[in-house]
Amino acid sequence: MLVGIFQFQPAPFCILDEVDAPLDETNVGRFAKLIHEMSATTQFVVITHSKRTMSQADVIYGVTMQEPGVSKIVSVNLNRREAPDNRRAVA
């Protein structure tokens, strides 16, 4: 139902929390592909533990504990849309 609404009238962003958890592997792949296609018009924030869903991401944020009781946020930029030759220099 959510996909139908977003295809009819896309929103600027959408937050999804563990929506792929009850899906089997085949449907997780379909879900990940659908989110990737819909990301042309909507920015998605997806909270997941599925590697298959994470494989479609441009940026991944995670929380780790290097020391007991001390959380650290880690980010990885996987932006595949920009070739290394096209990057602008940052001063």
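In the block above lies the structure referred to throughout.
As the structure is a computational prediction, the values presented were derived from the model and not from experiment.

Draft legend 1. Geometry of a nonpolar patch on the surface. Taken together, the side chains of Phe13, Ile15, Val45 and Ile47 present a nonpolar region at the surface, about 400 Å² in accessible area. Relative to the assigned elements, Ile47 resides in strand E2 (residues 43–47).

Draft legend 2. Geometry of the nonpolar core. Judged by nonpolar contacts, Phe6, Cys14, Leu16, Phe31, Ile35, Met38 and Phe44 together constitute the single largest core of seven residues. Where this core is concerned, the elements lending two or more residues are strand E1 (13–17) and helix H2 (25–38). With three residues, the top contributor of residues to this core is H2. Residues contacting Leu16, with those up to four places away along its chain left out, are Leu2, Phe31, Ile35, Phe44, Val45, Val46 and Ile47.

Draft legend 3. Structural context of the pattern of salt bridges. Enumeration according to the criterion identifies one salt bridge in this entry. For the salt bridge of Glu25 with Arg52, the shortest nitrogen-to-oxygen distance reads 3.7 Å. With Glu25 in helix H2 and Arg52 in helix H3 (residues 51–54), the pair connects residues that are 27 residues apart, well separated along the chain. Its relative accessible area of 52% is what places Glu25 among the exposed residues. The partly exposed category is assigned to Arg52, whose relative accessible area is 39%.

Calculation rules
Residues numbered from 1 in each chain as written. Predicted model: local features only at pLDDT ≥ 70, side-chain atom pairs only at ≥ 80, totals over all residues. Heavy atoms only, no water. Patch = residues over 30% accessible without salt bridge, like charges linked within 9 Å, V, L, I, M, F, W, Y side chains within 5 Å. Areas by Shrake-Rupley, 256 points an atom, 1.4 Å probe, with all protein chains shown as cover. Salt bridge = Lys/Arg side-chain N within 4 Å of Asp/Glu carboxyl O. Helix = DSSP H or I, 4+ residues; strand = E, 2+ residues; numbered from the N terminus. Core = buried A, V, L, I, M, F, W, Y, C linked by side-chain atoms within 4.5 Å. Buried < 20%, exposed > 50% of the residue type's maximum accessible area, 1.4 Å probe, protein only. Contact = heavy atoms within 4.5 Å.

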